Amino acid sequence: VTLRDKAAIVGVGWTEYSKDSGVSTLTLALRAIVAALEDAGLGLGDADGVACHRVGDSAPAFAVAQSLGIGDLRFHLDQFGGGSNSAAVVGMAAMAVASGVADCVVCWRAINARSEHRMGGTGRAPLVEGEFQYQAPYGYATPPQQFAMYTRAYLDAYRVPAEALGQVAIAQRSWAQLNPRAMMRAPLTLDDYFASRWIVEPFRLLDCCLETDAAVALVVTSADRAAHLRQVPVLVSGAAFGGGHTLYSNRHQDLTTTAAAEMGPRLLAAAGVTPADIDVLELYDAFTPLVLLQLEDYGFCAKGEAAELVASGRTGPGGSLPVNTHGGHLSEGYVHGLNHVAEAVTQLRWGAGPRQVPGAEVALSTGQPGYVAGTSSALVLRRAG
Amino acid sequence: LNGGGSPLPVLDRDSRPLWEAVARHELNVQTCEGCGRLRWPPRAMCGTCGSFSWRWTPASGRGQVASWIVNRHPFFPGMAVPSVVVMVRLDDADDVLIPGGWAGSPDGSGLRVGLPVRVGFEENSEGVSLLVWRAEDAEDRG
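Read on for a plain summary of the structure. (Residues numbered from 1 in each chain as written. Chains lettered and ligands numbered in written order. Predicted model: local features only at pLDDT ≥ 70, side-chain atom pairs only at ≥ 80, totals over all residues. Heavy atoms only, no water.)

## Re the overall build of chain B
Step number 1: Along the backbone of chain B there are 1 helix and 8 strands.
Step number 2: When the helices and strands of chain B are read in sequence order from the N terminus, they spell out α-β-β-β-β-β-β-β-β.
Step number 3: The globule rule puts the C-alpha radius of gyration for 142 residues at 14 Å, and the 16 Å found for chain B is close to it.
Step number 4: Oriented by its inertia axes, the alpha-carbon framework of chain B measures out at about 45 × 30 × 25 Å.
Step number 5: Within chain B, the fraction of its 142 residues that count as buried is 50%.
Step number 6: By sequence separation, contacts in chain B at least 24 residues apart represent 51% of the contacts at least 6 residues apart.
Step number 7: If you average the places of the 14 positive and of the 17 negative side-chain charges in chain B, the two averages end up 4 Å apart. (Helix = DSSP H or I, 4+ residues; strand = E, 2+ residues; numbered from the N terminus. Rg over C-alpha atoms; globule rule 2.2 N^0.38 Å. Buried < 20%, exposed > 50% of the residue type's maximum accessible area, 1.4 Å probe, protein only. Contact = heavy atoms within 4.5 Å. Lys, Arg positive; Asp, Glu negative; His and termini not counted. Charge placed at Lys NZ, Arg CZ, Asp CG, Glu CD.)

## Digging into the pairing of strand β5 (residues 198-201) of chain A
Step number 1: Direction of pairing for β5(A) relative to strand β6 (residues 203-204) of chain A: antiparallel, over a ladder of 2 bridges. Bridging from a neighbouring strand, A:V200 pairs with A:F203 of β6(A).
Step number 2: Linking β5(A) back to β6(A) in an antiparallel pair, the connection comprises 1 residue.
Step number 3: Pairing analysis gives 2 bridges linking β5(A) to strand β4 (residues 62-71) of chain B, with the strands arranged antiparallel. Among the inter-strand pairings, A:E201 is bridged to a residue of β4(B), identified as B:V70. (Pairing = 2+ DSSP bridges.)

## Quick look at the nonpolar core
Step number 1: Of all hydrophobic cores here, the largest spans 103 residues; its most connected members are A:L295 and B:W133.
Step number 2: Here this core gets 7 residues from one element, more than from any other, and that element is helix α4 (residues 143-157) of chain A.
Step number 3: A:V90, A:V220, A:A344 and A:A363 belong to the second-largest nonpolar core, a separate cluster that totals 40 residues. (Core = buried A, V, L, I, M, F, W, Y, C linked by side-chain atoms within 4.5 Å.)

## Focus on the interface of chain B and chain A
Step number 1: Counting residues at the interface gives 43 residues for chain B, matched by 34 residues for chain A.
Step number 2: Counting the surface lost from both chain B and chain A, the interface buries some 3,400 Å², and carbon and sulfur atoms represent 59% of this.
Step number 3: The interface formed by chain B and chain A holds 2 salt bridges in total.
Step number 4: Remark: the boundary between chain B and chain A carries 16 residue pairs in polar contact (both at pLDDT 80 or more).
Step number 5: Looking at the side of chain B that touches chain A, the elements with two or more residues in it are α1 (16-23), β2 (38-39), β4, β5 (83-90), β6 (97-102) and β8 (129-135) of chain B.
Step number 6: The leading source of residues in the side of chain B that touches chain A is β4(B), at 6 residues.
Step number 7: Its residues placed into classes, the side of chain B that touches chain A shows 27 nonpolar, 8 polar and 8 charged. (Buried area = accessible area lost by both parts, 1.4 Å probe. Salt bridge = Lys/Arg side-chain N within 4 Å of Asp/Glu carboxyl O. Polar contact = N/O pair within 3.5 Å; in protein donor to acceptor, adjacent residues only side chain to side chain. Nonpolar A, V, L, I, M, F, W, Y, C, P; charged D, E, K, R; others polar.)

## Side note on the pairing of strand β4 (residues 104-112) of chain A
Residues and elements named next belong to chain A.
Step number 1: Of all the 9 residues making up β4, 9 are buried; the element is thus mostly covered by neighbouring parts of the structure.
Step number 2: Burial along β4 is two-sided: C104, V106, W108, A110 and N112 and V105, C107, R109 and I111, pointing in opposite directions, are all buried.
Step number 3: Bridge count between strand β2 (residues 49-54) and β4: 4 bridges; the pairing is parallel. Among the inter-strand pairings, G49 is bridged to a residue of β4, identified as V105.
Step number 4: Sheet analysis places β4 next to strand β7 (residues 213-222), joined by 9 bridges and oriented antiparallel. Residue V105 lies in a different strand from β7, and its bridge partner there is V220.

## A short note on α4(A)
Step number 1: Under the 1.5 Å per step criterion, the end-to-end length of α4(A) is 22 Å for 15 residues, consistent within 8% with the ideal 21 Å.
Step number 2: Counting buried residues along α4(A), 13 of its 15 residues qualify, which places the element largely inside the surrounding structure. (Expected span 1.5 Å × (residues − 1).)

## Here's the deal with the sheet that holds β2(B)
Step number 1: Spatial ordering of the open sheet is given by β2-β1-β3 (chain B), a layout of 3 strands whose pairing is antiparallel. Strands at the two margins of the open sheet, each flanked by one partner only, are β2 and β3 (54-58) of chain B.

## Examining the side chain of A:T246
Step number 1: Its place among the elements puts A:T246 in the loop between β8 (234-243) and α8 (260-271).
Step number 2: Residues contacting A:T246, with those up to four places away along its chain left out, are A:E131, A:Y150, A:H252, A:V372, A:A373 and A:G374.

## Quick word on the side chain of A:R109
Residue and element names in this part refer to chain A.
Step number 1: Within the secondary structure, R109 is located in strand β4.
Step number 2: Despite its burial, R109 pairs with no opposite charge; the closest candidate is D57, at 6.6 Å N-O.
Step number 3: Here the side chain of R109 touches H336 through a polar contact of 2.9 Å, side chain to side chain.
Step number 4: Not counting chain neighbours up to four residues away, the residues in contact with R109 comprise H53, R54, V55, D57, S58, M119, A214, A215, V216, V335, H336 and L338.

## Considering the sheet that holds strand β9 (residues 280-282) of chain A
Residue and element names in this part refer to chain A.
Step number 1: Across the sheet, which stays open at both edges, the 9 strands sit in the order β3-β2-β4-β7-β1-β8-β11-β10-β9 with mixed pairing between neighbours. Unpaired on one side and paired on the other, β3 (75-80) and β9 mark the two borders of the sheet. Here the strands of the sheet are splayed against their neighbours by 25° on average, with no regard to which way each runs.
Step number 2: With respect to the sheet, α8 is in contact with β8, β10 (362-366) and β11 (375-383), its orientation differing from that of β8 by roughly 155°. (Axes fitted to C-alpha atoms, helices over the stretch in contact; angles between N-to-C directions.)

And the structure:
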């Protein structure tokens, strides 16, 4: 049994990206889903499954299903967790349609992450239960702090200079300048990077993702049905889940390697590809170092060499290893990883305009690589035909 | 204690004895009765041998800095910045990582990965005992 190429993404929808949507999170979700169904040439009556991941702000899956008027809901998933689940949700939707459990599943992520509920703190009480009880009392609870703790160990172990983090932000800003949807499009220099204020060392403001009010939705159906729909199908060639290590798992001797190191080979084997086959990479980037870590842990370069790879310009526009062609969470906007899947689909449909990677056939789209939460997920997507 | 204004821990049935020991200025870890592995934070079962039997064991209180952060943005109302949080790898077991406050400079100067440290205890403004790590060779300031 294999999932390879059995399911396809056939529709993509976005709301406007803003710092204050002025509408409810549920409204954002519904607008993106309706746009994605229209993009697919499908109607409201075609969706029989719903799937999203949630932490912080979200629209409940049941409320979305009710609003869409789905009377016989064949698949529903309200996956607790952060960006490590963005690819997982699409992977589970693919499993649902490939196995015949459902026929057409809408996946989304909707958040008023700037105007209403800022991730990890402001606007809501911080988490002080579970593992957080051991760190929150020291003022250590929010995402930038958690990722900064891992990042210090990585920078130290591989002697990665601070400039390397800045180069990630710069490369992605270069892509964002080619993306009308991107919220941050002004050119960025290393001087700008070093002038940006400290948030939590070793992170400056420009190491951190944006906080965005937005929703993104995808429509997933079987490859057979996809062949008769409006858009070039984007096949789910592989989906993988991974993880197991956290600071508190009693298994984490090495803080400098993510879950992608174990999951990546499994994912690529499931999809029948190697790193050399992948034309475009959409790597989860809540913070700059995640790009470096994933380039290494997915096997695009050796451990400790990603800084040089990014500084060489190869991951930027015109480079041979395009990474985060929409600008990522750092410059396009923060839609908790689902905008990375949407960008991969856009690239594989050859619809990315001035930022199009010529002839892109295969994309890797990843969730958060396993720091903090200890789980991860990723997809290999392929243009049909 | 650094990080003033930070939230208080919410205890659960697994963690309560650990926090009660910290209030007595003791740092404990679990020792698996099945395979002898040390475990922290407390959990019911050993992920190595599957045993549900364990006992509390006093930790050495010594370790090495695995990583640290320097808070520059006040993440909580009233939080002092800059302030340091350290993650310590316990000498007793290289896969036990314990966070805590830092008795040294609030800007993190002098910290490095691998720095030998030992645990101390301090009460926060609410009277809750917390862990504060200090350099092994630092003068004991209580």
